[in-house]
Amino acid sequence: MESNKLAMNSSGDNGAPDVADSYVSVVEIRRRFAFALSAMYRAEVPLYQQMVTAIAAENGAVQDSIRQSVDAQKAEPIEMHGAIRLGLPSELAVIRRLFTVMGMFPVGYYDLSVADLPVHSTAFRPISQAVLEQSPFRMFVSLLRLELIESVEHRKQAEEILARREIFSESLLTEISNFEQQGGLTQAQAEVFIDEALAVFRWHSEATVSQSVYQQFKAIHPLIADIVCFSRPHINHLAPQVVDIDCCHRALGDQGFVMKQSIEGSPKRKCSILLRQTAFMAVNESVLFPEVFGSDNTRAISGQHMARFGEIEQRGMALTPKGRALYDSLLNAAERRVKSHSESGDKTSDGSSILADVFSEFPDDLQQLRVLKLGYFRYSLKDQSKPVVDIDQGVANRDVIATPILYEDFLPVSAAGIFRSNLKDIEELPELSMAAAGGSQSVFEQALGRSVIDPFHWYDRQQQASIALCLSHD
Ligand code: OOG
Ligand code: NI
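Basis of the calculations
- Each chain carries its own residue numbering, running from 1 in the written order of its sequence.
- All chains are assigned letters beginning with A, and all ligands numbers beginning with 1, in the order in which they are written.
- Under the rules for a predicted model, residues below a pLDDT of 70 receive no local features and side-chain atom pairs below 80 are neither given nor counted, while totals for whole chains, interfaces and linings still include all residues.
- By convention in this description, side-chain values take in all heavy atoms of the structure and omit both hydrogens and water.
- Numbering of helices and strands runs from the N terminus; a helix is a DSSP stretch of H or I covering at least four residues, while a strand is a stretch of E covering at least two.
- Note on exposure labels: buried denotes an accessible area under 20% of the residue type's maximum, exposed denotes more than 50%, and partly exposed covers the range between, all computed with a 1.4 Å probe on protein chains only.
- Whether two residues are in contact is decided by their heavy atoms: any pair within 4.5 Å suffices.
- Each accessible area is a Shrake-Rupley estimate made with a 1.4 Å probe; only the visible protein chains count as cover when residues are assessed.
- To obtain the arc, one takes the directions from the helix axis to the C-beta atoms.
- Note on aromatic pairs: the rings of Phe, Tyr and Trp (six-membered ring only in Trp) are paired at centre separations within 6.5 Å, and the planes decide the class, stacked below 30 degrees, edge-to-face beyond 60, tilted for the rest.
- Placement of a charge over a ring requires the Lys NZ or Arg CZ to be within 6 Å of the ring centre, with the centre-to-atom vector within 35 degrees of the ring normal.
- Every residue gets a pLDDT, meaning the predictor's confidence in that residue, from 0 to 100.
- Should DSSP find at least two bridges between two strands, the strands are taken to pair.
- Working convention: axes come from line fits to C-alpha atoms, limited for helices to the stretch in contact. Angles between N-to-C directions cover 0 to 180 degrees.
- By convention in these notes, a residue is near a molecule or strand provided one of its non-hydrogen atoms lies within 4 Å of it.
- Within 3.5 Å is the distance limit for a polar contact, defined as a pair of N or O atoms, with the added protein rule that one can donate a hydrogen and the other accept it, and that residues adjacent in sequence qualify only through two side-chain atoms.
- Cavity: a set of points on a 1 Å grid over the protein atoms alone where a 1.4 Å probe fits but cannot get out. Pocket: an open set with protein on both sides within 12 Å along at least five of seven lines, its lining residues, like those of a cavity, having an atom within 4 Å of a point.
- To be counted as sitting in a cavity or pocket, a molecule needs more than half of its atoms within 2 Å of that site's grid points.
- Classes in brief: Ala, Val, Leu, Ile, Met, Phe, Trp, Tyr, Cys and Pro nonpolar; Asp, Glu, Lys and Arg charged; the others, Gly included, polar.
- Grid points are joined across faces, edges and corners, and a volume is the space filled by probe spheres set on the points.

Tallying secondary structure elements over the protein chain gives 19 helices and 11 strands in all. Classification of the 474 residues of the protein chain by burial places 53% in the buried group. In the protein chain, of all internal contacts separated by at least 6 residues, the share reaching a separation of at least 24 is 76%. Just so you have it, the protein chain exposes about 21,600 Å², and 52% of that area is on carbon and sulfur atoms.

Have a look at this one:
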């Protein structure tokens, strides 16, 4: 069999030295990188370290209801994702190669122009269930859409500023090429790779432009200033997993963290769905702006920038397109109702009670979610030696166990709410032409150098593969 032959070759049974064994596994590289990134961000943003300490106490007190993994039950929270924002298509192309070294691939296309944000995004993540469980870390990566800056002059200026920066070091590019050519990195190469990859996401408190140029971009959109005016795409938040997000949100507020008012996503339910997330608002940080005085005199002027925050997330089951359509329509209905309530000055119900009321339409029972095909499930045999002929019958007879598949991706509406954690002073966006924008997946993919993986296909494949293992083939 072809697959056996491959397995034997790579395990060195043909007598040749086993090259693959001398490389650090991609899972190990990702695990080490995520650990180092977490340490770096905790040191850079002390408030984030405080948040992690606070939720560790909360997490220790409760048990996870959906992912029964060892990690979820550890008191020390693990980071599920981080986020960066890139300026140029050429940067995205290299980022894709960089994340490949860590076994992370682009899944999903997120059009954030729907929320008046001049970026579009994907999430780099592992695509094997086993690998996700070993190290869940993923990265939400956004790319600035320069074409949405209406003024040609400002668009050109932004492009020129970005073209002057080089966010990847020579040695990082060398290790990425080594990985591509060798199919892996040695210990020494992996160490260089991790150090140099970390440097890409490090915070630099010196802006690359004068304060007036910064202010000019900030006036167009604060996100543009954050992307264009710095030398690197600093990590803007990390998000550990929490066991009970309502509890953590309340506890953090009680402890004096300035939190987003609400939790993005569905209200609290028995059967968690998709993703719920919230954050503390971005901190105001000191920044130095280079100012030129006279012909030969540059001085640094101090100012402020708000970009970095801390998020928490809780995941539930992945929804099918049908489930997702219901979720989206309920979220829209709740939003409309909240709007009309606030316009009419009605104070009888707040946003969260409206959301809970509207979402009562979404079935909250695993059996129903499965029968109505609203969520994805992983099927397994109770007794491995007794395959079944029909899955539904198997479930009914309790010969087959149906477990919800965890949602591993992101949500554009929710992401937009999270972006706003650091954009609270946006009032109007005079120079962006969002209305006409629309998504631009093919342009994004061209920059990326490949197409993104469709998350629905991915979940469907997980479900189908588990079904195939349960069925008898006689
Ligand atoms: C990314 C926001 C999206 C999430 O959890 O949905 C995100 C950003 O602010 O750059 O991280
Ligand atoms: Ni996030």
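Let us keep going from here.
For helix α14 (residues 351-359), the full list of buried residues reads I354, L355, V358 and F359. Down the axis of α14, the smallest arc covering the buried residues is 125 degrees, so these residues share one side. Buried-residue contacts for α14 involve α13 (321-343).

So, on to the packing of aromatic side chains. Here the structure, examined in full by the defined rule, presents 17 aromatic pairs. Judged by centre distance (5.6 Å) and plane angle (65 degrees), the ring pair of Y109 and F444 falls under edge-to-face. With a gap of 335 residues between them, Y109 in strand β2 (residues 105-111) and F444 in helix α18 (residues 441-448) connect regions that are remote in the sequence. Taking relative accessible area as the criterion, Y109 reaches 17% and is therefore assigned buried. Here F444 falls in the buried class, since its relative accessible area comes to 0%. An aromatic cluster is defined as three or more aromatic residues linked by ring pairs; in this entry it consists of F33, F99, F124, F137 and F201. Sitting above the plane of the F293 ring, R299 keeps its charged end 4.2 Å from the centroid.

Bringing the confidence of the model for the protein chain into the picture now. When pLDDT is averaged along the protein chain, the result is 88; 88% of the residues meet or exceed 70. Long-range and interchain partners of residues 1-17, a stretch whose pLDDT sits below 50, account for six contacts in this model, where long-range means more than four residues apart. A low-confidence stretch, residues 63-73 stays under pLDDT 50, and its non-local contacts, those more than four residues away or across chains, total 21 contacts.

Another aspect to go through is the sheet that holds β2. Overall, mixed pairing links the seven strands, which are arranged β2-β3-β4-β1-β5-β9-β6 in an open sheet. Each of the sheet's edge strands pairs with one partner strand only, and the pair in question is β2 and β6 (275-280). Shown here is a sheet whose adjacent strand axes are inclined to one another by a mean of 25 degrees, direction ignored. The sheet contact formed by strand β3 (residues 119-125) and strand β4 (residues 138-144) spans six bridges and is antiparallel. Bridge pairing links A123 to F140 in β4. Most of the contacts of helix α2 (residues 26-44) go to strand β5 (residues 237-240), to which it runs at about 115 degrees, and overall it touches β1 (79-86), β4, β5 and β9 (309-315). Those strands touched by α18 are β2, β3 and β4, and its axis lies near 55 degrees from that of β3.

With that out of the way, let us pick up the site of ligand 1. By nearness alone, every residue bordering ligand 1 is listed as H81, A83, R85, F140, N236, H237, Q277, E311, F410, A415, I418 and F419. R85 is positioned such that a nitrogen or oxygen atom in its side chain is 2.7 Å from an oxygen atom of ligand 1. Applying the majority rule of atoms within 2 Å of the grid points places ligand 1 in the largest cavity. Counting only elements with at least two residues in the shell around ligand 1, the list comes to β1 and α17 (412-419). For the shell around ligand 1, the class distribution of residues is six nonpolar, four polar and two charged.

Okay, the layout of surface pockets next. By volume, the largest pocket is sized at about 1,200 Å³. S262, I263, E264, G265 and L355 are, among the 34 residues lining the largest pocket, the residues nearest its centre. When contributions to the lining of the largest pocket are tallied by element, the ones reaching two or more residues are α12 (245-254), α13, α14 and α17. With seven residues, the top contributor of residues to the lining of the largest pocket is α13. Here the lining of the largest pocket is built from residues that sort into 13 nonpolar, 10 polar and 11 charged.

Along the chain, the position of H237 falls in strand β5. Residue H237 is classed as buried on the basis of its relative accessible area of 4%. Polar contacts involving the side chain of H237 include one to the side chain of H81, which spans 3.3 Å. A polar side-chain atom of H237 sits 2.5 Å from a polar atom in the side chain of E311. Once you skip the residues sitting within four places of it in the chain, H237 turns out to touch Y41, H81, G82, A83, F309, G310, E311 and I418.

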